[in-house]
Amino acid sequence: MRLTDYLEDTINIRGIEYKLDFTFDNILRTYELYDAEDASDAEKIVIMFDNLVINCEQPLDLEEKSMIIEKILNELVEKDTVKEQVQEEQEEENQEEVPQKKTHDLVQDADLIYASFLYDYNIDLFEQQGKLHWKKFVALLNNLSDDSIFKKVVHIRVKDIPKETKHNREEVRNLRKLKQLYSLEQKEEDAVKQIDFHMDSLAQSLKDSAKKGR
């Protein structure tokens with residue numbers, strides 16, 4: 001991110017410039033929809049396109065919309081926003097290369113991210129819906145302080161469990177409990193249940209948006 005850059009809100013494909021809605025909550029809806037099980041791939045493509053591209057006047061078929069969505073996600077949307085930073089911290093601590101593992105989830109960790117933005121920046125993300133640009137959101141997320149609950153949970157997830165001794169038995173047990181509490185490695189059906197109430201309202205709101213031709 002350079003302060004001399006413009007924030008991306010357009011993409012040029014084959015000489016045609018498409019204006020995009022790149023507010024953070026809109027991108028997060030795309031993440032949520034991507035893994036939704038109550039919509040077909042074709043429905044997802046149409047809804048994602050209508051959600052991301054503003055007032056498209058070009059007559060496009062499903063394949064063209066899919067290609068545009070893929071380019072938007074691959075070229076403009078930043079993924080795994082804290083993984084590299086955590087990986088560097090792991091390598092510095094262990095002095096060796098370690099396998100990458102999932103340290104956060106933008107859907108499951110929504111409450112942690114919300115609380116951390118409020119704590120660090122006094123930013124209420126609900127009030128910023130439709131306003132805060134995705135790149136700004138990413139920059140703020142990447143630079144949350146170690147005192148924020150989001151960063152604390154990430155550290156818990158990547159922290160190695162030491163060998164238990166009579167001197168650290170309580171500490172090890174507490175760490176195991178915290179890792180279990182904040183684990184992202186849960187059964188798929190459990191994860192779906194956790195976000196089920198989000199998906200019901202999300203699918204309906206996205207379909208409403210598509211009908212309005214956003």
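Look up: the structure comes first, before these words.
Keep in mind that this is a model prediction, so the values were computed, not measured.

1. Describing the overall build of the protein chain
Thinking step 1. The helix and strand inventory of the protein chain stands at nine helices and two strands.
Thinking step 2. In sequence order, the protein chain lays out its α and β elements as β-β-α-α-α-α-α-α-α-α-α.
Thinking step 3. At a minimum sequence separation of 6, the contacts of the protein chain that also span at least 24 residues come to 62%.

2. Some points on helix H3 (residues 62–75)
Thinking step 1. Helix length check: H3 (14 residues) gives 20 Å between terminal C-alpha atoms against 20 Å at 1.5 Å per residue, within 8%.
Thinking step 2. Of all the residues in H3, the buried ones are Lys-65, Ile-68, Ile-69, Ile-72 and Leu-73. Seen from one end, H3 has its buried residues packed into an arc of 130 degrees, which puts them on one side. For H3, exposure combined with an orientation more than 90 degrees from the buried face picks out Glu-63 and Asn-74.
Thinking step 3. On its buried face, H3 is in contact with strand S1 (10–13), strand S2 (16–19), helix H1 (24–34) and helix H2 (41–52).
Thinking step 4. Put simply, Asp-61 is the residue that caps the front of H3, since its side-chain oxygen is 3.2 Å from the backbone nitrogen of Glu-63.

3. Some words on the pairing of S2
Thinking step 1. Pairing of S1 with S2 involves four bridges; the strand directions are antiparallel. Each residue of the ladder has a partner; that of Ile-13, found in S2, is Ile-16.
Thinking step 2. In textbook terms, the turn of a hairpin is the stretch between consecutive antiparallel strands, and for S1 and S2 this stretch comprises two residues, one of which, Arg-14, has a positive phi near 55 degrees.

Conventions we followed
Residues numbered from 1 in each chain as written. Predicted model: local features only at pLDDT ≥ 70, side-chain atom pairs only at ≥ 80, totals over all residues. Heavy atoms only, no water. Helix = DSSP H or I, 4+ residues; strand = E, 2+ residues; numbered from the N terminus. Contact = heavy atoms within 4.5 Å. Expected span 1.5 Å × (residues − 1). Buried < 20%, exposed > 50% of the residue type's maximum accessible area, 1.4 Å probe, protein only. Arc of directions from axis to C-beta. Polar contact = N/O pair within 3.5 Å; in protein donor to acceptor, adjacent residues only side chain to side chain. Pairing = 2+ DSSP bridges.

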